[in-house]
Each structure stands twice: as structure tokens, then as C-alpha cells.
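# Residue-level structure breakdown
Next come the chains, spelled out residue by residue.
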Amino acid sequence: MSLYDDAVLVLKGYEGQEELRQAYLDHLAAHPDGMWKSCGAGHLTASALVIDPSRERVLLTLHRKLRMWLQMGGHCEPGDASLEAAALREATEESGIAGLALLPGGPVRLDRHPIPAPCHWHLDVQYAVLAPPGAVQEISDESLDLRWFGYHEVADVADESVVRLLEGTRARL
């Protein structure tokens, strides 16, 4: 199955955010290249919120370009077999933590946000992952910093999309 086909199946099975979910599906139907960064009208991305083993903190990255505290995530790549695989790869690369495990149940949330030209939109499919006991993070080239934040601290450092992702993740936990 192609990554495109996987994305369509994931989105069709996603419950919640009906209007946004349909906008993602409509985008893919209109743009066969809608999985890739090269799609100027926008493209799907995959991200994951990293939860510590005690389920009391999240690991956020201070994004090098945006200078914002965000969950791990980014563009899909040709080697990604699924959106879940893309989110897990991105979380592993950006956190430096091996052995991350996706929370069951598929995506936690969808978040569409504008980005600078030449592309116009990121249509993010957001997951959550659990770090293994003893996990040690390592800053990647895409980050200025990595830091664990208690759930109550996230609203003070991150934007509303990260807060909503945390709320959805906590509900799933």
C-alpha cells in the first residue's frame, strides 16, 4: 500500500474533527502529490507528542527555524510506509530517543496551519508516543533545545495547537 493510500484510509477511519478531516481528504483527492513537500497547495505532515514513561511530562523541541516549542514532526519521506511510521521516524530523529512506542488508536488530532511560500499549508496528522524507561533525549540539527515539560507548564511555553494535542493525548492515556 502506498503512503497516499494509507493516509486516505487513516483519515477515513479518524473519528472527530469532521470538517477538517474532510478538508484533508478533499485536498488529497485534488492533489495526488499532496503527501509531499513539493505540493505547492499544501501537504500532509506527521508529528508526535513524546510522553515520558511516568506519563507526567512531554518532550518539546525548540524548533530551529520557527523558534517555538513544538511536538516532534515534519515531512513525509518516500521510505515511510505509513503516516504512523512517518510520525514515529520524525519523533525518533528529533528526540534522539530509540524505542518510542505509538499510543494505540491512530491519530490523536489534526491541525492545519499556514506556512511561508512556496507552499501554503501543513496538514498535520498528530500522534502521541511513549518514551521507554531510562530514555535520554539528544538534540538534533532541527532543534535549538529539547526539554521535558510538566503537563501544567505546556500552556506557558507552547501555542494552542500543542496544548490541544496534549489535551487529546491525556484523554487517550
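Just above, that's the structure.
So, here is what we can say about the structure in this document. Everything quoted here is computed from the prediction, not taken from an experiment.

Our focus in this paragraph is the overall build of the protein chain. Each helix and strand counted, the protein chain has five helices and eight strands in total. Listing each helix as α and each strand as β along the protein chain from the N terminus yields α-α-β-β-β-β-α-β-β-β-β-α-α. Relative to a compact globule of 173 residues, whose C-alpha radius of gyration would be 16 Å, the protein chain shows 15 Å and is just as compact. Taking the principal axes of the C-alpha coordinates as reference, the protein chain spans close to 45 × 30 × 30 Å. The burial tally for the protein chain puts 48% of its 173 residues in the buried class. Here the analysis covers contacts within the protein chain between residues at least 6 apart in sequence; of these, 67% occur between residues at least 24 apart. Taking the average location of the 15 positive side-chain charges in the protein chain and that of its 26 negative ones, the two points are 2 Å from each other.

We now examine the layout of surface pockets. Any space left empty among the atoms is revealed by the rolling of a water-sized probe across them. Computed from the structure, the largest pocket encloses a volume of approximately 900 Å³. What lines the largest pocket is a set of 31 residues, among which His63, Leu66, His75, Ile115 and His122 lie closest to the centre. When contributions to the lining of the largest pocket are tallied by element, the ones reaching two or more residues are strand 1 (43-51), strand 2 (57-63), strand 4 (72-75), helix 3 (83-95), strand 6 (109-114) and strand 7 (121-130). It is strand 4 that contributes the most residues to the lining of the largest pocket, four residues altogether. Residues belonging to the lining of the largest pocket are distributed by class as follows: nine nonpolar, 13 polar and nine charged.

Next up on the list: the nonpolar core. Membership of the largest hydrophobic core comes to 32 residues, with the highest contact counts inside it found for Met35, Leu44, Val50 and Leu83. Secondary-structure elements contributing two or more residues to this core are helix 1 (3-13), helix 2 (18-30), strand 1, helix 3, strand 7 and strand 8 (143-150). Setting aside residues no more than four positions away along its own chain, Val50 makes contact with Arg57, Val58, Leu59, Met72, Ala91, Leu100, Val129, Ala131 and Trp148. Membership of the second largest hydrophobic core comes to 19 residues, among which are Leu70, Val154, Val163 and Leu165.

Below, the discussion takes up the packing of aromatic side chains. In this description, an aromatic ring pair is defined by two values, namely the gap between the centres and the angle between the planes. All told, the structure shown has one aromatic pair when counted by the stated rule. Aromatic side chains Trp69 and Phe149 sit 5.0 Å apart centroid to centroid with 75 degrees between the ring planes, which places their arrangement in the edge-to-face category. Here the residue Trp69 occupies a position in strand 3 (residues 69-70), and Phe149 occupies one in strand 8, the gap between them amounting to 80 residues. The ring of Trp121 carries the charged tip of Arg112 above its face, separated from the ring centre by 5.4 Å.

What follows covers helix 1. Among the residues making up helix 1, those that are buried are Leu3, Asp6, Ala7, Val8, Val10 and Leu11. Where helix 1 is buried, its residues contact helix 2, strand 1, helix 3, strand 6 and strand 7.

Turning next to the packing of helix 1 against helix 2. The geometry of helix 1 relative to helix 2 is characterised by a closest axis approach of 10 Å and an angle of 155 degrees between their N-to-C directions. With respect to helix 2, the element helix 1 is oriented roughly antiparallel. Helix 2 is crossed by helix 1, and the crossing has left-handed handedness. Packed against helix 1, whose contacting residues are Tyr4, Ala7, Val8, Leu11 and Lys12, the element helix 2 presents Arg21, Tyr24, Leu25, Leu28 and Ala29 at the interface. When grouped by side-chain class, the residues that make up the contact of helix 1 with helix 2 number eight nonpolar, no polar and two charged.

Calculation criteria
Residues numbered from 1 in each chain as written. Predicted model: local features only at pLDDT ≥ 70, side-chain atom pairs only at ≥ 80, totals over all residues. Heavy atoms only, no water. Helix = DSSP H or I, 4+ residues; strand = E, 2+ residues; numbered from the N terminus. Rg over C-alpha atoms; globule rule 2.2 N^0.38 Å. Buried < 20%, exposed > 50% of the residue type's maximum accessible area, 1.4 Å probe, protein only. Contact = heavy atoms within 4.5 Å. Lys, Arg positive; Asp, Glu negative; His and termini not counted. Charge placed at Lys NZ, Arg CZ, Asp CG, Glu CD. 1 Å grid on protein atoms, 1.4 Å probe; cavity = no way out; pocket = protein on both sides within 12 Å on 5 of 7 lines; lining within 4 Å. Points joined across faces, edges and corners; volume = space filled by probe spheres on them. Nonpolar A, V, L, I, M, F, W, Y, C, P; charged D, E, K, R; others polar. Core = buried A, V, L, I, M, F, W, Y, C linked by side-chain atoms within 4.5 Å. Phe/Tyr/Trp six-rings, centres within 6.5 Å; stacked < 30°, edge-to-face > 60°. Lys NZ or Arg CZ within 6 Å of the ring centre and 35° of its normal. Axes fitted to C-alpha atoms, helices over the stretch in contact; angles between N-to-C directions. Parallel < 35°, antiparallel > 145°, perpendicular 65-115°, else oblique. Left-handed = near helix turned anticlockwise from the far one by under 90°.

Function cannot be inferred from these measures alone, as they are strictly geometric.
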